Amino acid sequence: MAQGVLCEVNSCTHWAEQNKCTAETIFVTSHAQQQATEAQETDCQTFEKK
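Every chain begins its residue count from 1, and numbering advances along the sequence as written. In keeping with the predicted nature of the model, local features appear solely for residues at pLDDT of at least 70, side-chain atom pairs appear and are counted solely at 80 or more, and the whole-chain, interface and lining totals rest on all residues. With hydrogens and water stripped out, all remaining heavy atoms of the structure feed into the side-chain values.

Where an unreviewed UniProt entry is consulted, the chain appears under the name DUF1540 domain-containing protein, with the organism given as Paenibacillus wenxiniae.

(A) Representation of the side chain of Thr-46. Mapped onto the elements, Thr-46 comes out in the segment after β4 (42-44). By the criterion applied in these results, polar contacts are pairs of N or O atoms within 3.5 Å in which, for protein atoms, one can donate a hydrogen and the other can accept it, and in which residues neighboring in sequence qualify only through two side-chain atoms. In terms of polar contacts, Thr-46 uses its side chain to reach the backbone amide nitrogen of Phe-27, at 2.8 Å. Residue contacts are defined here by distance: any two heavy atoms, one from each residue, within 4.5 Å place the two residues in contact. What Thr-46 contacts, discounting residues up to four positions off in sequence, is His-14, Ala-23, Thr-25, Ile-26 and Phe-27. Under the DSSP-based scheme used, a helix requires at least four consecutive residues in state H or I and a strand at least two consecutive residues in state E, with every element numbered from the N terminus.

(B) Representation of unusual backbone geometry within the structure. Positive phi, normally seen in glycine, also occurs at Gln-18, with a value near 65 degrees. Assignment of secondary structure puts Gln-18 in the loop between β1 (15-16) and β2 (20-21). Each residue's exposure class comes from its accessible area (1.4 Å probe, protein chains only) as a fraction of the maximum for that residue type: buried when under 20%, exposed when over 50%, partly exposed otherwise. We classify Gln-18 as exposed; its relative accessible area is 66%.

In structure tokens, the structure reads:
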């Protein structure tokens, strides 16, 4: 499990109580074609719907 990763997306299979992420690794990308400058411009590619 990735250490110290918190996530509020409880519809993800990796979500656990206390907003902990149980994924082995986390992959975050920019959803724009350029470098992200704000959190809203990023996406968690590790997300898997429950």
